[in-house]
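# Survey of secondary and tertiary structure
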Amino acid sequence: MARYGPTLVVPIDLKKKPWEQKHPLHNRWHPDIPPVAEVKADQLFRVEMIDFSGGAITNNHTAHDVKHVDPLTTKFNVSKTYSISLSMAPPTPRLVVPIDLKKKPWEQKPPLHNRWHPHIPHVAAVNTGEVFRVEMVDWTGGAVKDDDSALDIKFLDLSTVHYLSGPIRILDNDGIPAKPGDLLAVEICNLGPLPGDEWGFTATFDRENGGGFLTDHFPCATKAIWYFEGIYAHSPQIPGVRFPGLTHPGIIGTAPSMELLNIWNERETDVEENGIKSFKLCEVLHSRPLANLPSTKSCLLGKIQKGTTEWEKIAKEAARTIPGRENGGNCDIKNLSRGAKVYLPVFVEGANLSTGDMHFSQGDGEVSFCGAIEMSGFLELKCEIIRGGMKEYLTPMGPTPLHVNPIFEIGPVEPRFSEWLVFEGISVDESGRQHYLDASVAYKRAVLNAIDYISKFGYSKEQVYLLLSCIPCEGRISGIVDAPNAVATLAIPTAIFDQDIRPKNNKVPVGPRLVKKPDVFKCTYDGNLPITRNPSATP
């Protein structure tokens with residue numbers, strides 16, 4: 001595996017005293033104190049450190065260690081009456097789902113799963129109030145590589161995704177599990193890429209294999225690789241752009257009950273079989289299939305062994321993880337970052353919480369479909385059970401009490417941008433045909449307008465398409481009542497570019513920074529479906 005992330009140059013062993021560290025520490029400034037490490041300019045490196053007291057102040061229930069610590073030295077004078085304990089506190093958070101990046105998804109212990117079903121057994125149990133850690137593979141399970149080709153995207157087997165960590169059974173402090181009808185409050189305490197695997201990818205699928213929001217305009221498989229430097233990401237395939245990511249899980253959800261699972265399968269089967277005949281929107285949004293129905297192909301059901309009678313039955317019923325649903329699932333909400341809290345309905349005993357599809361960053365809509373910066377990663381979570389919370393706080397919008405949706409609180413830690421360039425779209429498609437208050441058509445127009453505009457500044461349209469899918473841009477439904485046009489907007493933070501992309505009272509500037517090469521990795525489109533072209537757009 002390639003080397004990613006920072007180089008550790010000063011490690012700390014918390015079991016040792018300050019003067020016992022392998023790389024010696026110091027507590028004075030002097031020009032003749034020799035260096036303990038050396039780094040190069042532009043090298044990303046990591047320095048670990050002890051607390052300022054060197055471990056003299058401990059996790060106990062007195063202030064005697066503070067009273068007797070010597071502030072002038074790192075060698076601590078301990079009184080005869082009180083001893084200072086350097087014993088470690090219990091580890092927190094507890095790792096409940098580890099990931100071995102050298103193993104395939106189906107080789108992980110505990111096992112992963114890629115379907116929703118109430119009978120997939122839990123792999124771990126946690127108590128409310130406990131902070132626990134869940135690690136996860138990227139959504140493809142390592143099928144997409146850090147290389148100079150998009151062939152892995154073009155031929156990706158989409159029957160395998162998404163690989164999820166869990167299910168995790170949630171118990172209260174009395175050992176009583178969450179019950180159907182409860183509300184599960186899940187707080188995201190911390191998150192990030194897995195150490196040593198600090199890279200990700202953004203892509204568009206081939207039109208014949210997954211497609212995307214603009215697949216009729218961009219039918220070819222493409223890929224860009226991103227590298228992380230702390231909170232920032234940059235890509236050699238999209239030069240001149242660097243931005244802080246808003247890291248989040250694309251998928252977090254609870255297991256459905258059998259009743260809810262049957263509702264999903266019935267309504268999605270109807271869309272897949274009859275939707276193309278009844279929904280005019282299918283004429284302007286070309287992603288296919290219209291729904292991903294249960295399939296035994298590549299089905300992974302955690303602890304349930306493939307080939308058994310139980311596996312065969314559940315695999316035929318289990319829902320794919322592609323769309324978001326009543327249980328949460330693949331909602332791809334970029335604001336579910338550090339400090340956010342999700343309130344998920346509970347449909348089965350224990351809730352059976354699962355998560356995956358980790359994103360370093362994503363724009364609203366994730367328009368290229370494989371459109372966030374996809375990565376392996378971890379979540380550190382804390383749960384609370386709100387007894388009877390579904391009835392108390394969630395209003396069903398449908399024929400049964402199960403037709404509810406989660407709610408969430410945005411966390412306090414997000415990138416701060418002060419200047420935005422906003423692109424508008426209305427519900428008139430590329431042929432000039434009017435649609436009635438259709439927000440999807442309006443958002444498609446806004447994205448196309450932004451792609452055409454930014455491509456004037458030296459980028460290929462494929463580069464911009466991927467960029468708008470993964471930067472923390474803001475999508476809005478700005479108008480939904482003024483018939484016949486819905487109005488959608490897409491706001492792009494201008495600070496991510498190394499050039500000023502705002503309109504000026506002169507021509508678009510050209511210069512050495514405005515380069516189209518290197519471009520994103522791109523495959524040919526070998527199908528024969530028609531490509532939509534805007535005759536008035538920039539070539």
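Residues numbered from 1 in each chain as written. Predicted model: local features only at pLDDT ≥ 70, side-chain atom pairs only at ≥ 80, totals over all residues. Heavy atoms only, no water.

### Observations concerning the sheet that holds strand β21 (residues 474-479)
The line we're drawing: Here a strand pair is declared whenever DSSP counts at least two bridges between the two strands. What counts as a helix is a DSSP run of H or I of at least four residues, what counts as a strand is a run of E of at least two, and both are numbered from the N terminus. Working convention: axes come from line fits to C-alpha atoms, limited for helices to the stretch in contact. Angles between N-to-C directions cover 0 to 180 degrees. By definition in these notes, contact holds between two residues if any of their heavy atoms fall within 4.5 Å.
Taken together, 3 strands build an open sheet; the order of strands is β20-β22-β21 and the sheet is antiparallel. The open sheet has two free edges, formed respectively by β20 (420-426) and β21, since each of these has just one partner strand. Each adjacent strand pair in this sheet contributes to an overall mean axis angle of 25°, direction not counted. As defined by bridge partners, β20 adjoins strand β22 (residues 487-493) across 7 bridges and the pair is classed as antiparallel. Paired with W420 across the strands is P493, a residue of β22. Packing against the sheet, helix α6 (residues 439-454) makes contact with β20, β21 and β22, and its axis sits at approximately 135° to β20.

### Thoughts on the packing of aromatic side chains
Going by this rule: The pairing test for Phe, Tyr and Trp rings, Trp by its six-membered ring, is centres within 6.5 Å, and the orientation test on the planes gives stacked under 30 degrees, edge-to-face over 60, and tilted for anything in between. Three exposure classes are used, based on accessible area relative to the maximum for each residue type with a 1.4 Å probe and protein chains only: buried under 20%, partly exposed in between, and exposed over 50%. Charge-over-ring contacts are defined here by two conditions on Lys NZ or Arg CZ: a distance within 6 Å of the ring centre and an angle within 35 degrees of the ring normal.
In total, this model carries 13 aromatic pairs according to the counting rule given. Where W199 meets F201, the ring centres are 6.2 Å apart and the plane angle is 40°; that geometry is what we call tilted. Comparing W199 with F201 shows no difference in burial state: the two are buried. Site record: aromatic cluster; members linked through ring pairs are Y4, W199, F201 and Y227. Over the ring of Y232 we find R242, and its NZ or CZ is 4.1 Å from the ring centre.

### Things to note about the pattern of salt bridges
Where charged atoms of side chains with opposite charge meet at close range, the side chains can pair. Our working definition: When a carboxyl oxygen of Asp or Glu is within 4 Å of a side-chain nitrogen of Lys or Arg, the pair counts as a salt bridge.
Applying the stated rule across the entire model yields 28 salt bridges. Of the charged contacts, one joins K179 and E349 as a salt bridge, the two residues approaching to 3.2 Å between their closest N and O atoms. Within this pair, whereas K179 is found in the loop between β6 (164-171) and β7 (183-192), its partner E349 is found in the loop between β15 (341-345) and β16 (353-359), the two being separated by 170 residues in sequence. The shortest N-O distance in the salt bridge between E474 and R476 comes to 3.0 Å. Classification of R476 by relative accessible area gives partly exposed; the value is 45%. Where salt bridges share partners, they join K334, D364, E474 and R476 into one cluster.

### What about the sheet that holds strand β3 (residues 94-97)?
What the 6 strands build is an open sheet, ordered β3-β5-β18-β7-β15-β19; its pairing is mixed. Looking at which strands have only one partner, the edges of the open sheet turn out to be β3 and β19 (407-409). Between one strand axis and the next, the sheet turns by 30° as a mean value, whatever way the strands run. Relative to strand β5 (residues 131-136), β3 is paired through 3 bridges, and the arrangement is parallel. Following the sheet pairing, V97 is matched in β5 by V134.

### Observations regarding the pairing of β7
Of all the 10 residues making up β7, 7 are buried; the element is thus mostly covered by neighbouring parts of the structure. In terms of strand pairing, β7 meets β15 through 5 bridges, oriented antiparallel. Each bridged residue has a counterpart across the sheet, and for V186 the counterpart in β15 is V342.

### Quick notes on the side chain of S427
To keep things clear, this is the line we draw: Two N or O atoms form a polar contact when they lie within 3.5 Å of each other; inside protein one atom must be a possible hydrogen donor and the other a possible acceptor, and for residues adjacent in sequence the pair counts only when both atoms belong to side chains.
Topologically, S427 is positioned in the loop between β20 and α6. For S427, a relative accessible area of 0% corresponds to the buried category. Within the local environment of S427, its side chain forms a polar contact with the backbone oxygen of P484, the two atoms lying 3.3 Å apart. S427 has contacts with R433, Q434, H435, L437, D438, V441, A442, P484, N485 and A486, leaving out every residue within four places of it along the chain.

### Re the packing of α6 against helix α7 (residues 461-470)
Selection criterion: Throughout this description, any angle smaller than 35 degrees is read as roughly parallel, any larger than 145 degrees as roughly antiparallel, any in the 65 to 115 degree range as roughly perpendicular, and the remainder as oblique. A clockwise turn of the near helix away from the far one marks a right-handed crossing, whereas an anticlockwise turn of less than a right angle marks a left-handed crossing. Gly falls in the polar group here, along with every residue not listed as nonpolar (Ala, Val, Leu, Ile, Met, Phe, Trp, Tyr, Cys, Pro) or charged (Asp, Glu, Lys, Arg).
The N-to-C vectors of α6 and α7 enclose an angle of 130°; their axes lie 9 Å apart at closest approach. Between α6 and α7, the interaxial angle falls into the category oblique. Considering only the axes of α6 and α7, their crossing is right-handed. Note on element contacts: α7 touches α6 through K461, V464, Y465 and L468, opposite V447, A450, I451, D452 and I454. Residue composition of the contact of α6 with α7, by class: 7 nonpolar, no polar and 2 charged.

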